[in-house]
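A closer look at the structure
Given next are the chains, with one letter for each unit.
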Amino acid sequence: MKASHPLTPEEREQLASAAAAAAIHAYAPYSRFRVGAAVLDEDGRLHIGCNIENASYGLCLCAERNALSTALATGARRFRGIGVACIDAAPGLGLEGRTPCGACRQWMVELAPDAEVVIAGGEGRQPMAVWPVSALLPEAFRLT
Ligand code: THU
């Protein structure tokens, strides 16, 4: 089976709930906006991350890049899915408060180009939207 075969509904739910669980550990004293991410590698291993803020605001690290860093540091190189959960987004807010920032999209294009991105929804943390990474950053910058 190809490494990038589509996520099953169960895997999408697993990514959404693992991301929501990781968000609990966010260090976000400035924005009070906790984000969690979970990355599923081709061997079925999950790697998690949360946002880590800093008093020097420009140094804040997003949950998605934290999760990808952790994954690479444990030897993972190919990824099938990335879950993102913004657990402090207002429940009534739609996707606009929950999608990955531009910097994280650029990381995804480079490090997880075949992955699907699963956005966790409000209360139930159920998947709210799923896109391939390629759809989130068309015409991405690459050096080949
Ligand atoms: N944040 C993430 O962790 N991921 C994103 O894709 C968007 C923003 C974090 C950064 C900051 O700590 C907080 O959310 C508010 O912007």
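Above this text sits the structure in question.
Residues numbered from 1 in each chain as written. Predicted model: local features only at pLDDT ≥ 70, side-chain atom pairs only at ≥ 80, totals over all residues. Heavy atoms only, no water.

Close contacts around the ligand come from Ser-31, Phe-33, Val-35, Asn-51, Glu-53, Cys-62, Ala-63, Glu-64, Pro-100 and Cys-101, and that covers them all. Side-chain polar atom of Asn-51 to an oxygen atom of the ligand: 2.9 Å apart, as the coordinates give it. In the environment of the ligand, an oxygen atom lies 2.5 Å from a nitrogen or oxygen atom belonging to the side chain of Glu-53. Calculation on the ligand without its partners gives an accessible area of 370 Å², and the protein chains cover 78% of this total. (Near = heavy atom within 4 Å. Polar contact = N/O pair within 3.5 Å; in protein donor to acceptor, adjacent residues only side chain to side chain. Areas by Shrake-Rupley, 256 points an atom, 1.4 Å probe, with all protein chains shown as cover.)

For the rest of this paragraph, the subject is the environment of Gly-58. Positionally, Gly-58 belongs in the loop between β2 (46-50) and α2 (63-73). Between the alpha carbons of Gly-58 and Thr-8 there is a distance of 37 Å; along the sequence they are 50 residues apart. (Helix = DSSP H or I, 4+ residues; strand = E, 2+ residues; numbered from the N terminus.)

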